[in-house]
Structures are given as C-alpha cells and as structure tokens.
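# A look at the structure
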Amino acid sequence: MELRILKYFLMVAKEENITKAAKSLFITQPTLSRQLAQLEEELGVKLFTRSNHKILLTEDGKFLQRRAREILYLTEKTKKELSYDNEIVAGEISIGCGEFLGMNELSKLLSEFQEKYPNVKFDIYSGTAEDIIYRIEHGFLDMGLVFDYINKEKYKFIRLKQIEEWGLLVRKDHKLASNKFIYPEEIKKESVIISKNKLIQNEFTNWMGIPMEKLNVGATFTLVYNAAMMVKNGMGMAVCLKLENNFEDLKFIPFYKAAISKTILAWKPCLKYSVATEKFIKFIEKKRNATNF
C-alpha cells in the first residue's frame with residue numbers, strides 16, 4: 001500500500017466523484033479507477049459504494065480514511081523532523097493542550113524558548129485529555145498539557161504551578177448568580193452542561209456525592225466557548241474551570257471548599273525526539289530544577 005495511493009484514496013473520499021478527483025490529482029480517470037480497484041483488492045474490502053454521480057465511503061472506507069490521514073500526517077512529521085541539520089535547532093514541536101489557565105504559564109516558557117531558538121515553531125492542538133493522550137501514544141503529539149490525575153507512570157512530566165479552579169458558568173440573571181460559592185445541594189435538580197471527559201465527570205460526581213446518571217445533564221461539550229454559548233441561550237449551567245475569558249452576561253462561581261486541580265506537561269520517556277523537542281525538554285526540566293517550576 002503506497003503513500004501515493006493513499007493520497008489518491010483521500011482525494012476521492014473528499015470529492016465523492018472520480019472525475020473531479022482525477023482532475024485534482026492531474027491523472028486520468030481510468031488510471032484512478034484502476035488504482036482504487038487494486039487498493040480494494042489488496043485490502044480485501046469494499047471501500048466505496050457507487051451511485052449515479054456520487055461515490056461514498058463504506059464503513060471500511062471510513063476506517064481507512066482515518067488511518068490514511070494518520071499515516072500521511074506521521075510521514076510528513078517524520079520527514080520534517082529528519083530534514084533539519086542536527087547542528088541547527090529548528091523544526092516544529094507539537095503540544096496538545098486542554099483549556100487551562102496553565103496555558104498562560106506554559107506559553108511564557110514557549111516564548112522564552114523561541115527567543116533562544118527562533119527557528120523552532122510550536123504547533124498547539126486543543127483537545128480533551130483522552131484525545132491528547134491518544135495522540136501522544138500514537139506519535140501525533142510530542143507532549144501534552146493535561147490534568148495531573150492521568151496515569152503518570154507511563155510518562156515523564158513537569159508539574160505547573162497554576163492552580164485550576166472548578167465552578168459553574170451561569171447567566172448573570174440566574175438565581176445563583178449572586179452566590180459567592182456553589183454548594184452541591186443547590187444544583188442537584190438544575191440542568192447542567194458538562195464536559196464529555198470521563199475524568200472530569202468522575203471528579204464532579206464525587207464532589208456532588210451522586211452518580212452521573214442521577215444528574216440532570218442537558219448537554220455535553222469539549223470546548224468551553226461552546227458551553228458558554230449554550231449557557232447564554234438558557235440551556236443550563238456549565239461545569240468548567242475558571243478561565244480568563246470575559247463572557248458577556250455570564251459569571252463564573254467557584255465550588256464550595258475549593259474544588260481545584262493541577263496540570264502537568266507530559267511526554268513519553270525513552271523516545272528519540274527531534275533535536276528541537278529534545279532541547280525543549282531539557283530547557284523545561286532545567287527551568288523546573290532552577291526555580292522549582
């Protein structure tokens with residue numbers, strides 16, 4: 001299975017039309033059709049279903065689409081990492097980050113490192129802890145900023161100083177908006193909007209003292225901005241971390257008894273990283289040791 005054929009396959013999946021895909025790839029339609037037929041024969045599965053003027057992916061085709069994207073991404077990432085002279089600190093460092101105040105702390109480190117090594121670029125990927133860990137494990141990310149209650153035995157890490165505070169995001173006209181703190185009994189019957197992250201759900205239900213299935217969950221989310229829009233439009237109150245966002249007409253109220261979390265910047269040990277990533281790891285470890293970072 002050649003990379004060229006995977007690119008052909010992805011173009012057809014994107015265009016949903018052999019003729020359009022062939023034009024985009026600058027090859028003839030019969031050539032493209034033959035390559036796809038050979039790919040299906042090689043894999044022993046049907047990748048497309050064909051109609052009058054459209055071809056759609058089968059379930060096997062959708063699976064290959066995901067894998068093909070991952071393979072091509074890793075191929076490009078590897079080529080970039082190997083293309084730089086080892087004597088020059090240059091390249092791209094990919095970091096996954098949740099929505100944390102700790103990003104302010106991390107970005108200061110990124111800026112300081114970039115001042116020292118201006119040829120290094122950072123690719124920041126936003127996602128949930130599960131998504132970020134998956135991408136670290138499969139080589140799509142070099143490291144990730146995540147909650148410190150992940151399985152740390154598998155990773156090397158530094159712990160950030162920033163404390164992340166949990167609470168509710170409510171409308172300013174909500175009956176609880178005047179509260180200094182939020183108590184569990186005040187929200188047991190209220191409609192809540194909560195992250196899809198299972199770890200966060202577990203932390204919240206432990207604080208509430210009731211199981212997830214007994215909560216009145218109106219919606220789930222992955223990005224706080226989306227949750228804020230749902231709160232703004234009366235769908236409920238969002239369980240989230242305190243951020244610096246000043247959402248109009250919304251107010252953040254912390255949970256009673258300081259429901260807090262800490263974050264870590266984690267990476268896999270015993271891997272051969274690019275020169276830039278190796279330098280960055282040494283840089284942040286040195287900062288931690290020098291300043292109790």
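Coordinates for the structure precede this section.
Attention in this report is confined to the structure presented alongside it. (Residues numbered from 1 in each chain as written. Predicted model: local features only at pLDDT ≥ 70, side-chain atom pairs only at ≥ 80, totals over all residues. Heavy atoms only, no water.)

Taken as a whole, this structure holds 16 aromatic pairs when the rule is applied. Through successive ring pairs, a cluster of aromatic residues spans Phe 113, Tyr 117, Phe 122, Phe 280 and Phe 283. (Phe/Tyr/Trp six-rings, centres within 6.5 Å; stacked < 30°, edge-to-face > 60°.)

This next bit is on the nonpolar core. One finds Ile 95, Ile 187, Phe 255, Leu 265 and Phe 280 to be the most contacted residues of the largest nonpolar core, which totals 45 residues. Of all hydrophobic cores here, the second largest spans 21 residues; its members include Ala 13, Leu 47, Leu 64 and Leu 72. (Core = buried A, V, L, I, M, F, W, Y, C linked by side-chain atoms within 4.5 Å. Buried < 20%, exposed > 50% of the residue type's maximum accessible area, 1.4 Å probe, protein only.)

In this section: unusual backbone geometry. The backbone of Glu 16 shows a phi angle near 60°, a positive value even though the residue is not glycine. Looking at the secondary structure, you find Glu 16 in the loop between α1 (3-15) and α2 (18-25). Even without being glycine, Asp 249 reaches a positive phi, approximately 70°. Summarising the element assignment, Asp 249 is placed in the loop between β9 (237-241) and β10 (250-254). Relative accessible area serves as the criterion here: at 44%, Asp 249 is assigned to the partly exposed category. (Helix = DSSP H or I, 4+ residues; strand = E, 2+ residues; numbered from the N terminus.)

Before going further, it helps to examine the environment of Glu 15. Relative to the helices and strands, Glu 15 resides in helix α1. The class for Glu 15 is partly exposed, based on a relative accessible area of 25%. Ignoring anything within four residues of it in the chain, the contact list for Glu 15 reads Lys 20, Ala 21 and Ser 24. (Contact = heavy atoms within 4.5 Å.)

Of all eight residues in strand β11 (residues 260-267), six are buried; the element is thus mostly enclosed. When strand β5 (residues 143-147) meets β11, the two strands line up antiparallel, connected through four bridges. For Val 146, the partnering residue across the bridge sits in β11 and is Ile 264. Alignment of strand β6 (residues 156-171) against β11, held across seven bridges, turns out to be antiparallel. Bridge pairing in β11 places Glu 164 opposite Ser 261. (Pairing = 2+ DSSP bridges.)

Moving on: the pattern of salt bridges. The final tally for this structure, using the stated rule, is 12 salt bridges. Of the charged contacts in the structure, one is a salt bridge between Glu 16 and Lys 54, with a shortest N-O distance of 3.5 Å. Of this pair, Glu 16 sits in the loop between α1 and α2 while Lys 54 sits in the loop between β1 (48-50) and β2 (55-57), and the two are 38 residues apart along the sequence. Here Glu 16 falls in the partly exposed class, since its relative accessible area comes to 27%. When its relative accessible area of 41% is taken as the criterion, Lys 54 is described as partly exposed. With a shortest N-O distance of 2.9 Å, Asp 173 and Arg 171 are connected by a salt bridge. Classification of Asp 173 as exposed rests on a relative accessible area of 58%. On the basis of relative accessible area, Arg 171 is assigned to the partly exposed category, the value being 30%. Each of Glu 137, Lys 154 and Lys 268 takes part in salt bridges that share partners, so that together they form one network. (Salt bridge = Lys/Arg side-chain N within 4 Å of Asp/Glu carboxyl O.)

Any functional reading would require information that these geometric values do not contain.
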